[in-house]
Amino acid sequence: MIRIGMLTSGGDCQALNAAMRGVAKGLFNAGKEVELFGFLDGYKGLIYGKYKMLSPSDFSGILTKGGTMLGSSRMPFKNMRDPDENGLDKVEAMKHNYYKLSLDCLVILGGNGTHKTANLLREEGLNVVTLPKTIDNDLWGTDMTFGFQSAVDIATQCIDQIHTTAASHGRVFIVEVMGHKVGYLTLNAGMAGGADIILIPEIPYDINKIIKAIQKRSERGSKFTILAVAEGAISKEVAALSKKEYKKYMADYKYPSVSYEIADKIKEKSGMEVRVTVPGHTQRGGSPNSYDRVFASRLGAEASKLILKGEYGYMVGYQNREVVKVPLADVAGKLKMVDPDSTIIKEAKMLGISFGD
Ligand code: F6P
């Protein structure tokens, strides 16, 4: 008999259910007796002992469903060591529930913050196997996270739809793409959607270069321009601020997001009409695309293999087109960012895309 606990933590994304189904099918089909506990709403469920027993039928019909059947929540790693409002030691509570249920392993699906806590639990002596989820694709140790490709499709579709109206009106359009502090989602959706200017956090922009790129297009007869702007995009001036200066800058910041600031500056400096579209959480919603269904299922199945072999303390990742196991200790606390000198950036520039640098 093996007893496994499973939870999904942090912002949701497409294919979480597909990944859990992959793990469960891999375990149930191995011919062993399995007891599967699904902790509700991320680490909260593990802390407060809220879970449901999962049987094979719970994994039927969920391959294509978005969201997570277990629910999720954000529990910042930096507060994990702080007692809750009733003085409960959260880390001790998680360990207590793990041992109380005599679990052999925890399967944790999450992004960066989730992996820091997963590694903490490993350090505390629990058996942990993790799976890399996030639309941001910013998890170190894996070339790809599930949810990413589905989100790229949605952001691309948004840019596609903006194209026709931008062309009719001869306007400048900004589509703000999620991705937190990294630009993978914006870079890929921007290229797929044929954006003329792509702004990502890894390449701080100069507003004058952006305006020049728009004017160059006008001179060549293009009436409209589309910018794909990462929510974390940053100007060269702001990138040069010290931590303290940046804090002050943000405290006085008057825009809802960076796209509105860029829009204002383009209007002010060029007199052009600018509109902003923010697809926001639609990028995380709905069914996983076919890539993510296959990808998450594969990672899930491989996670079940590790569990059956008793190999714990790993994230199941993807490197050079192979599914691999990556030590959790190596993954936790590292951010994967777009390399400004990578070939994809060079190729995008060859296509005439401006990065505002
Ligand atoms: O990490 C996924 C993500 O969607 C980011 O792209 C975004 O910055 C953030 O989560 C939004 O978080 P929340 O759903 O908590 O508003």
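Throughout what follows, the structure given in this document is the object of discussion. (Residues numbered from 1 in each chain as written. Predicted model: local features only at pLDDT ≥ 70, side-chain atom pairs only at ≥ 80, totals over all residues. Heavy atoms only, no water.)

1. Looking at the overall build of the protein chain
Within the protein chain one finds 13 helices and eleven strands. Overall, the C-alpha framework of the protein chain stretches about 70 × 40 × 30 Å when taken along its three principal axes. A total of 357 residues make up the protein chain; the buried ones form 52% of that total. Taking the contacts inside the protein chain whose residues are at least 6 apart along the sequence as the reference set, 74% of them involve residues at least 24 apart. Taking the average location of the 46 positive side-chain charges in the protein chain and that of its 40 negative ones, the two points are 1 Å from each other. (Helix = DSSP H or I, 4+ residues; strand = E, 2+ residues; numbered from the N terminus. Buried < 20%, exposed > 50% of the residue type's maximum accessible area, 1.4 Å probe, protein only. Contact = heavy atoms within 4.5 Å. Lys, Arg positive; Asp, Glu negative; His and termini not counted. Charge placed at Lys NZ, Arg CZ, Asp CG, Glu CD.)

2. Some remarks on the packing of aromatic side chains
Applying the stated criterion across every chain yields a total of nine aromatic pairs. Ring geometry for Y291 versus F295: centroids 5.6 Å apart, planes at 40°, classification tilted. Placement of both Y291 and F295 in helix α11 (residues 290-309) is noted, with a separation of four residues, approximately one turn of the helix. Overall, the relative accessible area of 33% leaves Y291 in the partly exposed class. Here the aromatic residues Y246, Y249, Y253 and Y255 are joined through ring pairs into a cluster of three or more. When the ring centre of F224 is taken as reference, the NZ or CZ atom of R217 above it lies at 5.3 Å. Between the NZ or CZ atom of K334 and the centre of the ring of W140, over which it lies, the distance is 3.9 Å. (Phe/Tyr/Trp six-rings, centres within 6.5 Å; stacked < 30°, edge-to-face > 60°. Lys NZ or Arg CZ within 6 Å of the ring centre and 35° of its normal.)

3. Concerning a positive patch on the surface
Taken together, the side chains of K78, K116, K181 and K243 define a basic patch exposed on the protein surface. Tracing the chain through its elements places K181 in the loop between β6 (172-177) and α6 (184-192). A residue is classified by how much of its surface remains accessible, and K181, at 53% relative accessible area, is exposed. (Patch = residues over 30% accessible without salt bridge, like charges linked within 9 Å, V, L, I, M, F, W, Y side chains within 5 Å. Areas by Shrake-Rupley, 256 points an atom, 1.4 Å probe, with all protein chains shown as cover. Salt bridge = Lys/Arg side-chain N within 4 Å of Asp/Glu carboxyl O.)

4. Details of the packing of α6 against helix α13 (residues 343-350)
In contact at an axis separation of 12 Å, α6 and α13 are set at 35° when each is read in the N-to-C sense. Seen from above, α6 lies across α13 with left-handed handedness. Where α6 approaches α13, its residues L187, N188 and M191 are matched on the opposing element by I344, I345 and A348. (Axes fitted to C-alpha atoms, helices over the stretch in contact; angles between N-to-C directions. Left-handed = near helix turned anticlockwise from the far one by under 90°.)

5. Digging into the sheet that holds strand β8 (residues 225-230)
In spatial order, the strands read β7-β8-β6-β9; together these four strands make up an open sheet with parallel pairing. On the outer flanks of this sheet lie β7 (197-199) and β9 (274-277), each paired with one strand and no other. The mean angle between the axes of side-by-side strands here comes to 20°, regardless of whether they run parallel or antiparallel. (Pairing = 2+ DSSP bridges.)

6. Description of the site of the ligand
Contacts to the ligand come from R74, I135, D136, M178, G179, H180, E231, H281 and R284. G179 places a main-chain nitrogen or oxygen 3.1 Å from an oxygen atom of the ligand. H281 has a polar side-chain atom sitting 2.8 Å from an oxygen atom of the ligand. Expressed as a share of its isolated accessible area of 400 Å², the protein-covered part of the ligand is 71%. When atoms are counted within 2 Å of each cavity's grid points, the one that captures over half of the ligand is the largest pocket. For the shell around the ligand, the class distribution of residues is two nonpolar, three polar and four charged. (Near = heavy atom within 4 Å. Polar contact = N/O pair within 3.5 Å; in protein donor to acceptor, adjacent residues only side chain to side chain. 1 Å grid on protein atoms, 1.4 Å probe; cavity = no way out; pocket = protein on both sides within 12 Å on 5 of 7 lines; lining within 4 Å. Sits in = over half its atoms within 2 Å of the grid points. Nonpolar A, V, L, I, M, F, W, Y, C, P; charged D, E, K, R; others polar.)

7. Topic: the pattern of salt bridges
Overall, the coordinates contain 14 salt bridges when judged by the stated rule. We note a salt bridge from E124 to K95, for which the minimum N-O separation is 2.7 Å. Here the residue E124 occupies a position in the loop between α4 (112-123) and β5 (128-132), and K95 occupies one in helix α3 (residues 90-100), the gap between them amounting to 29 residues. By relative accessible area, E124 is classed as partly exposed at 24%. When its relative accessible area of 14% is taken as the criterion, K95 is described as buried. With a closest N to O distance of 3.1 Å, R275 and E273 form a salt bridge. Beyond isolated ion pairs, a larger network of salt bridges with shared partners links R81, E92, K95 and E124.

8. Details of the sheet that holds strand β1 (residues 2-8)
If you walk across this open sheet you meet the seven strands as β3-β2-β1-β4-β5-β10-β11, and the pairing is mixed. Since the sheet does not close on itself, it has two edges, and those belong to β3 (51-54) and β11 (322-327), each with one partner. Taking each pair of neighbouring strands and ignoring which way they run, the sheet shows an average axis angle of 25°. Strand direction decides the pairing type here: strand β4 (residues 105-110) and β5, joined by five bridges, are parallel. Residue V107 lies in a different strand from β5, and its bridge partner there is V129. Those strands touched by α11 are β1, β4, β5, β10 (314-319) and β11, and its axis lies near 140° from that of β10.

9. Re the layout of surface pockets
One number sums up the size of the largest pocket: a volume of about 810 Å³. Taken together, 31 residues line the largest pocket, and the ones lying closest to its centre are R74, N112, G113, D136 and H180. No other element matches the five residues that α4 contributes to the lining of the largest pocket. When the residues that make up the lining of the largest pocket are grouped by side-chain class, the tally is seven nonpolar, 13 polar and eleven charged. Lining the lining of the largest pocket are residues from two domains, each supplying at least three of them: domain 1 (2-147 + 288-331) and domain 2 (152-284). (Points joined across faces, edges and corners; volume = space filled by probe spheres on them. Domains from an automatic or database assignment.)

Distances and angles like these do not, on their own, reveal function.
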